[in-house]
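# Commentary on secondary and tertiary structure
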Amino acid sequence: MSRPSWDEYFMEIACLVARRSTCLRRRVGAVLVKDKNILATGYNGTPSGIRHCDETGCLREQQQVPSGQRHELCRGLHAEQNAIIQAAKHGINISGSTLYCTNSPCVICSKMIINAGIRKIFYRQGYPDPLSRLMLEEAGVAAVQQDFSNDNSGECR
């Protein structure tokens, strides 16, 4: 059995974090890392104390909202948002960190990533949001799609 690289290690942790998601459409996990130390994690789901979509049903499905559109029509927060919020809640400086995420960020998350000072993103699967990519490029945030899985599908094991 070979020892995983640091990037593989942190991406596998992001996959594990994604398993906590209660989203009915897409399970996403995020891990913020600096100097090979995990600073915060997040998965997509509703705010604390709010009923989860697996209890209430998916508002986006009910209204037939296509993926990548009308982000405000959702009870949940994205994994990247939850990781950034957890770091802020606990007073952890994430400026200069790297984000490992199972999906590339949407434009809303990208704006938060840019202002939080996150410098690099590793992700498995793309997301239909070209403006996100443009903004990250303009801000100098590297976004690298890498498949760390054995089957080249981009899916978490």
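First, a word on what this report is: a plain description of the structure on this page. (Residues numbered from 1 in each chain as written. Predicted model: local features only at pLDDT ≥ 70, side-chain atom pairs only at ≥ 80, totals over all residues. Heavy atoms only, no water.)

### What about the sheet that holds strand E3 (residues 98–103)?
Taken together, the 5 strands give an open sheet; going across it, the order is E2-E1-E3-E4-E5, and neighbouring strands pair in mixed fashion. Either end of the sheet is taken by a strand with one partner, and the two such strands are strand E2 (37–43) and strand E5 (142–145). With strand direction ignored, the average angle separating the axes of adjacent strands in the sheet is 20°. As paired strands, strand E4 (residues 120–125) and E5 are joined by 4 bridges and run parallel to one another. Along E5, the bridge assignment pairs Ile121 with Ala143. Across the sheet, helix H4 (residues 79–89) is in contact with strand E1 (29–34), E2 and E3; its angle to E2 comes to roughly 130°. (Pairing = 2+ DSSP bridges. Helix = DSSP H or I, 4+ residues; strand = E, 2+ residues; numbered from the N terminus. Axes fitted to C-alpha atoms, helices over the stretch in contact; angles between N-to-C directions. Contact = heavy atoms within 4.5 Å.)

### Remarks on the nonpolar core
The tendency in soluble globular proteins is for nonpolar side chains to be buried as a group. One finds Leu32, Ile94, Leu99, Ile113, Ile118 and Ile121 to be the most contacted residues of the largest nonpolar core, which totals 20 residues. Counting residues per element, the ones that place at least two in this core are E1, E2, H4, E3, helix H5 (107–116) and E4. If you tally residues by element for this core, the top one is H4, at 4 residues. Residues within four places of Ile94 in sequence aside, it is in contact with Leu32, Leu39, Ile84, Ala87, Ala116, Gly117 and Ile118. Counting residues in each nonpolar core, the second largest holds 9 residues, with Met11, Val33, Tyr100 and Phe122 among its members. (Core = buried A, V, L, I, M, F, W, Y, C linked by side-chain atoms within 4.5 Å. Buried < 20%, exposed > 50% of the residue type's maximum accessible area, 1.4 Å probe, protein only.)

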